[in-house]
Structures are given as C-alpha cells and as structure tokens.
Amino acid sequence: MIDDESARAVRHWRATAPDTVLLDGFHALKHALRFGAAVRAAVTSDKAAAVELAEDLADDLTEAIADLLVEVDAGTLRDLVPRVHPTRVAALAVRRGRQVNLDELSRRPRQAPVVVLDNPRNLGNVGAVVRLAAGFGVTGVVTTGDIDPWHPNAVRSGAGLHFATAVERLPGDALPEGPLYALDPEGADIRSLTIPDDALLAFGSERHGISPELRKRATRLVALPMRPQVSSYNLATSVAMALFHWGGPDRPA
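Residues numbered from 1 in each chain as written. Predicted model: local features only at pLDDT ≥ 70, side-chain atom pairs only at ≥ 80, totals over all residues. Heavy atoms only, no water.

## Topic: the packing of aromatic side chains
So, step 1. One pass over the structure, following the stated rule, counts 1 aromatic pair.
So, step 2. Taken together, a centroid distance of 5.4 Å and an interplanar angle of 85° make the contact between Trp150 and Phe163 edge-to-face. Placement of the pair is Trp150 in the loop between β6 (140-143) and α8 (152-157) and Phe163 in the loop between α8 and β7 (166-169), with a sequence separation of 13 residues.
So, step 3. For Trp150, a relative accessible area of 4% corresponds to the buried category.
So, step 4. On the basis of relative accessible area, Phe163 is assigned to the buried category, the value being 3%. (Phe/Tyr/Trp six-rings, centres within 6.5 Å; stacked < 30°, edge-to-face > 60°. Helix = DSSP H or I, 4+ residues; strand = E, 2+ residues; numbered from the N terminus. Buried < 20%, exposed > 50% of the residue type's maximum accessible area, 1.4 Å probe, protein only.)

## Describing the packing of helix α2 (residues 26-34) against helix α3 (residues 47-57)
So, step 1. Interaxial distance between α2 and α3 falls to 11 Å at its minimum, and their mutual angle equals 55°. In terms of orientation, α2 lies oblique with respect to α3. Of the two elements, α2 crosses α3, and the hand of that crossing is right-handed. Here Phe26, His27, Lys30 and Arg34 of α2 come into contact with α3, specifically with Ala50, Leu53, Ala54 and Leu57. (Axes fitted to C-alpha atoms, helices over the stretch in contact; angles between N-to-C directions. Parallel < 35°, antiparallel > 145°, perpendicular 65-115°, else oblique. Left-handed = near helix turned anticlockwise from the far one by under 90°. Contact = heavy atoms within 4.5 Å.)

## Some details on the pattern of salt bridges
So, step 1. All told, the structure shown has 12 salt bridges when counted by the stated rule.
So, step 2. Between Arg108 and Asp198 there is a salt bridge, and its shortest N-O distance comes to 2.9 Å. Of this pair, Arg108 sits in the loop between α6 (98-106) and β5 (114-117) while Asp198 sits in the loop between β8 (180-189) and β9 (200-203), placing them 90 residues apart in sequence.
So, step 3. Each of Arg108, Glu177 and Asp198 takes part in salt bridges that share partners, so that together they form one network. (Salt bridge = Lys/Arg side-chain N within 4 Å of Asp/Glu carboxyl O.)

## With respect to helix α1 (residues 4-16)
So, step 1. For α1, which comprises 13 residues, the first-to-last C-alpha distance of 18 Å matches the rise-based estimate of 18 Å (1.5 Å per residue) to within 8%.
So, step 2. All buried positions along α1 are accounted for by Ser6, Ala7, Ala9, Val10, Trp13 and Thr16.
So, step 3. Buried-residue contacts for α1 involve β1 (21-24), β2 (39-44), β3 (70-71), α5 (74-80) and β4 (89-93). (Expected span 1.5 Å × (residues − 1).)

## Points about the sheet that holds β4
So, step 1. Judged by pairing direction, the sheet is mixed, and its 4 strands sit side by side in the order β1-β4-β2-β3 without closing on themselves. Of all the strands in the sheet, just β1 and β3 have a single pairing partner and so form its edges.
So, step 2. One ladder, built from 5 bridges, connects β2 with β4; its direction is antiparallel. Among the inter-strand pairings, Ala42 is bridged to a residue of β4, identified as Ala91.
So, step 3. Against the sheet, α2 makes contact with β1, β2 and β4, and its axis sits at roughly 120° relative to β1, the strand it touches most. (Pairing = 2+ DSSP bridges.)

## What about the layout of surface pockets?
So, step 1. Taken as a whole, the largest pocket spans an internal volume of roughly 490 Å³.
So, step 2. Lining the largest pocket are 22 residues, with Pro185, Met226, Ser232, Tyr233 and Ser238 sitting closest to its centre.
So, step 3. Among the elements that make up the lining of the largest pocket, the one with the highest residue count is β8 (3 residues).
So, step 4. Here the lining of the largest pocket is built from residues that sort into 10 nonpolar, 9 polar and 3 charged.
So, step 5. Here the second largest pocket is characterised by a volume of approximately 190 Å³. (1 Å grid on protein atoms, 1.4 Å probe; cavity = no way out; pocket = protein on both sides within 12 Å on 5 of 7 lines; lining within 4 Å. Points joined across faces, edges and corners; volume = space filled by probe spheres on them. Nonpolar A, V, L, I, M, F, W, Y, C, P; charged D, E, K, R; others polar.)

## Examining the sheet that holds β9
So, step 1. Strand order in the open sheet formed by 6 strands is β7-β6-β5-β9-β8-β10, with parallel pairing between adjacent strands. Two strands bound the open sheet, and with one partner strand each, they are β7 and β10 (220-223). Along the sheet, successive strands turn relative to each other by an average axial angle of 30°, direction set aside.
So, step 2. Where β8 lies against β10, 5 bridges are found, and the strand directions are parallel. Bridged to Leu183 within β10 is Val222.
So, step 3. Here α6 sits on the sheet and contacts β5, β6 and β7; the angle it forms with β7, its principal contact strand, is near 105°.

## What about the packing of helix α7 (residues 123-136) against helix α10 (residues 235-247)?
So, step 1. The N-to-C vectors of α7 and α10 enclose an angle of 15°; their axes lie 9 Å apart at closest approach. One element, α7, and the other, α10, form an angle in the roughly parallel class. For the pair α7 and α10, the crossing hand works out as right-handed. Residues Asn125, Ala128, Val129, Leu132, Ala133 and Phe136 of α7 lie in contact with α10, whose contacting residues are Leu235, Ala236, Val239, Ala240, Leu243, Phe244 and Trp246.
So, step 2. When grouped by side-chain class, the residues that make up the contact of α7 with α10 number 12 nonpolar, 1 polar and no charged.

As structure tokens, this is what we get:
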C-alpha cells in the first residue's frame, strides 16, 4: 500500500519527468547537488540505506539528501525508471542552461581546454568523457553530430557530473575559439608538445576518427603513443591520456 507522501511523490515525478534529466543512482544525485543542480524530485525504495550511504560517502549532503528523498515501494520505483540502480535511488533535475554553457565555453581567456568529441556514437563513452572532464576541471565538453550529450545513457555514465562542466552539442563550424589540437595517428607525438590551456582538444568517433573537415582546420595534429599493431584506444582512454598530458606533473594543482 502506498501512503499519501509516496503517492504525491509519484504524481510529481510523472509530471516533472518530461522536462528534466534523470539522475540514476546515489552518486549521480550526490554530484548533481554538489555542482548546483536544481533537483525537482528524488525517490528511493530504501531511504534508511540511502541516508546511511550519504553519511558514509557525502556527509556534506546528508541533510539535503534526507530532505529530498521520498520512499516508495520497490515496484513503484521499477515503474518510474528504465532500470533500478543498485543504490535504489533516482532523481530528476533541471538540465543545465544552454546559454550558461555557451557563455562558459566562449569566455576568454580560458584556463583549461575544451574537449571536442567529433560525431561520437557511443553514449556511454560520452558520459565517461564528461566524468573525466569534470575530474580534470576542463572548461567543457562539446559534441558534434546528431546524438545528444545529455541523453539519459550519457548522464548515467557521467554519474551526474554533467552539472560540473559545460556540456553542449554544437555544429562543427560553431566551435569555441582557440587553437585546435586534433588527435590523429599521423600527428606529432603528444609527448613532444605542450598543450595550451585555451586549446580545443578534438577526438574523432570511435570507428572513423576525426572528420576530414575538422582535420583540415586543426592547428596541430597530435598522436598518442601506441605500440605497433595496436589499432586504437577507447575514446575515454584517449581523452584521459591527453588531459593527463595537458595537466602534467609541473602544472599547479
């Protein structure tokens, strides 16, 4: 039997869902709250366990999470989300404003690169790159092509960290200003280069690599070190290697 509070929460969830982003799991809710997301609804099938998790992993947010979460039964939670996260927590938040993101991406001088994913095809990889970008403190992640970087599968993979950086889809001819460093097997070894803070770091799609148009516009072509006969790295791995090189051991924390 569902109580009045749970019933109200379910109605509110269903009314809110079309205009919000699904935060799938405790960690997505935690990160979204830490980076200022407007969370409109939050449910769980085990509030005591979720609050205990907050006390262990996010004691700065325990009170806020306890106030937000409404307990619903397990069957109801399964009805509300495509698949229940192991933490049995789900929330809805307002997507970061496009103009806010565009302003951040275009602001100069930049203190950290923008990652450009040129026509990516795998939403899980997009989310993993957003998570990396947030961790490294880059300015943002821009995708070209037809997939939405805020798709629920990308947000799930990004663990709520879309709210920690500027994530937007833009046409290839409307990228932010700055020197374009495109990852390409024929480029200069990245270990021989210094990546400037205001660079655009462009990575091609998982199957086809950088597009001819973006390759032609590149300030520099850059290659990652790779053993002969190994064909490629995973997209998120490539981004991590390039960002680690940009950060460098001598860069101030």
